[in-house]
Amino acid sequence: FGRSGFMGGRHQHRICAMTHKIIQQDIRLLAQNIVDKARHKTLMVALAESCTGGMIAAALTDISGSSAVLDRGFVTYSNHAKIDILGVKNTILDQHGAVSEQTARAMVDGTLNAAPLADVALSVTGIAGPAGGGPDKPVGLVHFSCQRRDMPQIHAKHIFSGDRHMVRYQAVKTALLMIDRALA
C-alpha cells in the first residue's frame, strides 16, 4: 500500500491507544468511587463475569480498601460454570443462549444466592470477538444485569465496537457504572 495508507494505519492505531488510555482512566476513577461509596455505606459487592474474565474484580481490587467492599467474584466463562456455580438453568441456556438477557438475569440471581453477604450483584455475559458472533448476536454484544438485594434487577444490552480488548474494556466501564448507580 501507499504512503497515505501506512500513515492512516498509524494514525488509527494512535487514536485507539488514546481511547484505550482514556477508558482505563475512567475505569480507575469509577472503581475508586465505588470503593469509597460502598465503604461509606458499608455495602458489599459480588460479581459474575463471563466475557470480562475477572476484569471487573481486578479493577475494584486495584483500589486500596476494596477488601471491605468486594465480597467475591465468579468467572463463569463456560456454560458448565454458569450452571455449576451460579445455578443457571440448562433450559435458559438452551432457549436463549449464554449471551442473553435471561442468562444475565439468572447469573445475578445465582450470585446473590451464592454470596449471602453481598448487597449488590452484577453479571456480564457477551461476545468479545473476534469470532463467535452471528446475525442475531454480533461480536460486541454484551448483556449486563445488576441488582441491589431486595430491589428490582436492572438489565442493559450494548453492542460495543472495536477489537476484543476494546469490547472488554467498554464492558468493564459499563459494569462499573451500573454498580455505581446501584450503590446510590
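This is a predicted model, so every value here is computed, not measured.

**Student:** What am I meant to see in the pairing of strand β5 (residues 154–159) here?
**Tutor:** Walk down a regular strand and you will see the side chains alternate between the two sheet faces. Inspection of the sheet shows strand β4 (residues 141–148) paired to β5 by 6 bridges, in the antiparallel sense. Across the sheet, Cys146 pairs through a bridge with Ile154, a residue of β5. Turn length for the β4-β5 hairpin, with the two strands adjacent in sequence and antiparallel, is 5 residues, and the turn residue Asp150 shows positive phi of about 70°.

**Student:** Quick question: what am I supposed to make of the pattern of salt bridges here?
**Tutor:** The full count for this structure, using the stated rule, is 4 salt bridges. Ionic pairing is found between Asp26 and Lys173, a salt bridge with its closest N-O pair at 2.7 Å. Of the two residues, Asp26 is situated in helix α1 (residues 3–41) and Lys173 in helix α6 (residues 164–182); the sequence distance between them amounts to 147 residues. Across the pair Arg105 and Glu101 runs a salt bridge whose closest N-O atoms are separated by 2.8 Å. Here the residue Arg105 and the residue Glu101 both occupy positions in helix α5 (residues 101–114), the gap between them amounting to 4 residues, near one helical turn. With relative accessibility at 27%, the residue Arg105 sits in the partly exposed group. A residue is classified by how much of its surface remains accessible, and Glu101, at 30% relative accessible area, is partly exposed.

**Student:** What is the right way to look at the environment of Ala17 in this model?
**Tutor:** Topologically, Ala17 is positioned in helix α1. When the C-alpha positions of Ala17 and Thr52 are compared, they lie 19 Å apart, and in sequence the two are 35 residues distant.

**Student:** Can you walk me through α5 in this structure?
**Tutor:** Within an α-helix, residues lying three or four positions from one another point in the same direction, as the helix has 3.6 residues per turn. Here α5 contains 14 residues, and its C-alpha end-to-end distance of 20 Å stays within 8% of the 20 Å for a straight helix at 1.5 Å per residue. Three or more residues of α5 are buried, namely Thr103, Ala104, Ala106, Met107, Val108, Gly110, Thr111 and Leu112.

Reading the values: rules and limits
Residues numbered from 1 in each chain as written. Predicted model: local features only at pLDDT ≥ 70, side-chain atom pairs only at ≥ 80, totals over all residues. Heavy atoms only, no water. Pairing = 2+ DSSP bridges. Helix = DSSP H or I, 4+ residues; strand = E, 2+ residues; numbered from the N terminus. Salt bridge = Lys/Arg side-chain N within 4 Å of Asp/Glu carboxyl O. Buried < 20%, exposed > 50% of the residue type's maximum accessible area, 1.4 Å probe, protein only. Expected span 1.5 Å × (residues − 1).

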